[in-house]
Amino acid sequence: MLEGYCSDFGRTVHFGEPTEEFRRCYDLVIGSHDAAIREMKSGQITAEGANAVARAVIEKGGYGEHFRHRLGHGIGLDVHEPAFLTQGDTTVLQTGMAFTVEPSIYWPGHVGTRIEDIVIVRPEGGEVLNQISNSLYVVN
């Protein structure tokens, strides 16, 4: 917390050399993340619309059933607050709204990957506040 405002952040770390499938899934998660953020334009997309954009990337890659988590949530004075980037939330995104964007692929026994950033809605698309790279970190 900083001056009463919350933060939320996540990266994926892989221990040992990742499989080709893991790298493919990680790349899909990054693509999903980036696609949703590009479309988070003030007054032009709903919360469920942003969620749908992110899901489409992972579904096209063949892992749609393993994106089990909502795309994200509002963040501010509480770490989880409305609006929620999920199906059924028809809130129209507006300039200055803050969200987490955290697409994932979870397939127990196979793959588990997620990244999470805080994004501010702007007229031209989302602005990522986090300054840390989202490149896959491999510990050998």
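Everything below is about the structure printed above this text.
First, a word on what this report is: a plain description of the structure on this page. (Residues numbered from 1 in each chain as written. Predicted model: local features only at pLDDT ≥ 70, side-chain atom pairs only at ≥ 80, totals over all residues. Heavy atoms only, no water.)

A short note on a nonpolar patch on the surface
Together, Val13, Phe15 and Tyr137 make up an exposed nonpolar region whose accessible area comes to about 370 Å². Structurally, Val13 can be placed in strand β1 (residues 13-15). You can call Val13 partly exposed: its relative accessible area is 41%. (Patch = residues over 30% accessible without salt bridge, like charges linked within 9 Å, V, L, I, M, F, W, Y side chains within 5 Å. Areas by Shrake-Rupley, 256 points an atom, 1.4 Å probe, with all protein chains shown as cover. Salt bridge = Lys/Arg side-chain N within 4 Å of Asp/Glu carboxyl O. Helix = DSSP H or I, 4+ residues; strand = E, 2+ residues; numbered from the N terminus. Buried < 20%, exposed > 50% of the residue type's maximum accessible area, 1.4 Å probe, protein only.)

What to know about the packing of helix α1 (residues 20-39) against helix α2 (residues 47-60)
Relative to each other, α1 and α2 sit at 150 degrees, their axes nearing to 8 Å. It follows that α1 is roughly antiparallel to α2 by the angle criterion. The element α1 and its partner α2 pack so that their crossing is right-handed. Each of Leu28, Val29, Gly31, Ser32, Ala35, Ala36 and Glu39 in α1 lies in contact with α2, whose residues at this interface are Ala50, Val53, Ala54, Arg55, Val57 and Ile58. Looking at the contact of α1 with α2 residue by residue, the class counts come to nine nonpolar, two polar and two charged. (Axes fitted to C-alpha atoms, helices over the stretch in contact; angles between N-to-C directions. Parallel < 35°, antiparallel > 145°, perpendicular 65-115°, else oblique. Left-handed = near helix turned anticlockwise from the far one by under 90°. Contact = heavy atoms within 4.5 Å. Nonpolar A, V, L, I, M, F, W, Y, C, P; charged D, E, K, R; others polar.)

Focus on the pairing of strand β6 (residues 111-114)
The alternating pattern of β6 places Val111 and Thr113 on a buried face, while none of Gly112 and Arg114, on the opposite face, is buried. The sheet contact formed by strand β5 (residues 104-107) and β6 spans four bridges and is antiparallel. Pairing of Tyr106 across the sheet is with Gly112, part of β6. Connecting the antiparallel pair β5 and β6 is a turn made up of three residues, with Gly109 showing a positive phi of about 85 degrees. (Pairing = 2+ DSSP bridges.)

With respect to α2
Owing to its 3.6 residues per turn, the α-helix brings residues three or four apart onto one side. In a regular helix each residue adds 1.5 Å, so 14 residues correspond to 20 Å; α2 covers 20 Å between its end C-alpha atoms and thus fits that length. All of the buried residues along α2 are Ala47, Gly49, Ala50, Asn51, Ala54, Arg55 and Ile58. Here the buried face of α2 lies against α1, β3 (81-85) and β5. Looking one or two residues beyond α2, the residue adopting positive phi is Gly62, at roughly 95 degrees. (Expected span 1.5 Å × (residues − 1).)

As for the environment of Val92
In this fold, Val92 is placed in the loop between β3 and β4 (98-101). For the pair Val92 and Gly43, spaced 49 residues apart in sequence, the C-alpha separation works out to 6.0 Å. The contact partners of Val92, leaving out residues within four places of it in the chain, are Gly43, Ile45, Thr46 and Met97.

Concerning the environment of Gln94
Tracing the backbone shows Gln94 in the loop between β3 and β4. Through-space distance from the C-alpha of Gln94 to that of Ser42 is 4.4 Å; in sequence the pair is 52 residues apart.

Remarks on the environment of Leu71
Looking at the secondary structure, you find Leu71 in the loop between α2 and β2 (72-74). Its relative accessible area of 0% is what places Leu71 among the buried residues. Each C-alpha atom of the pair Leu71 and Val101 lies 5.7 Å from the other, and the pair is 30 residues apart in sequence. Excluding residues that lie within four positions of it along the chain, Leu71 makes contacts with Ala36, Ala50, Asn51, Ala54, Leu85, Thr100, Val101, Glu102 and Pro103.

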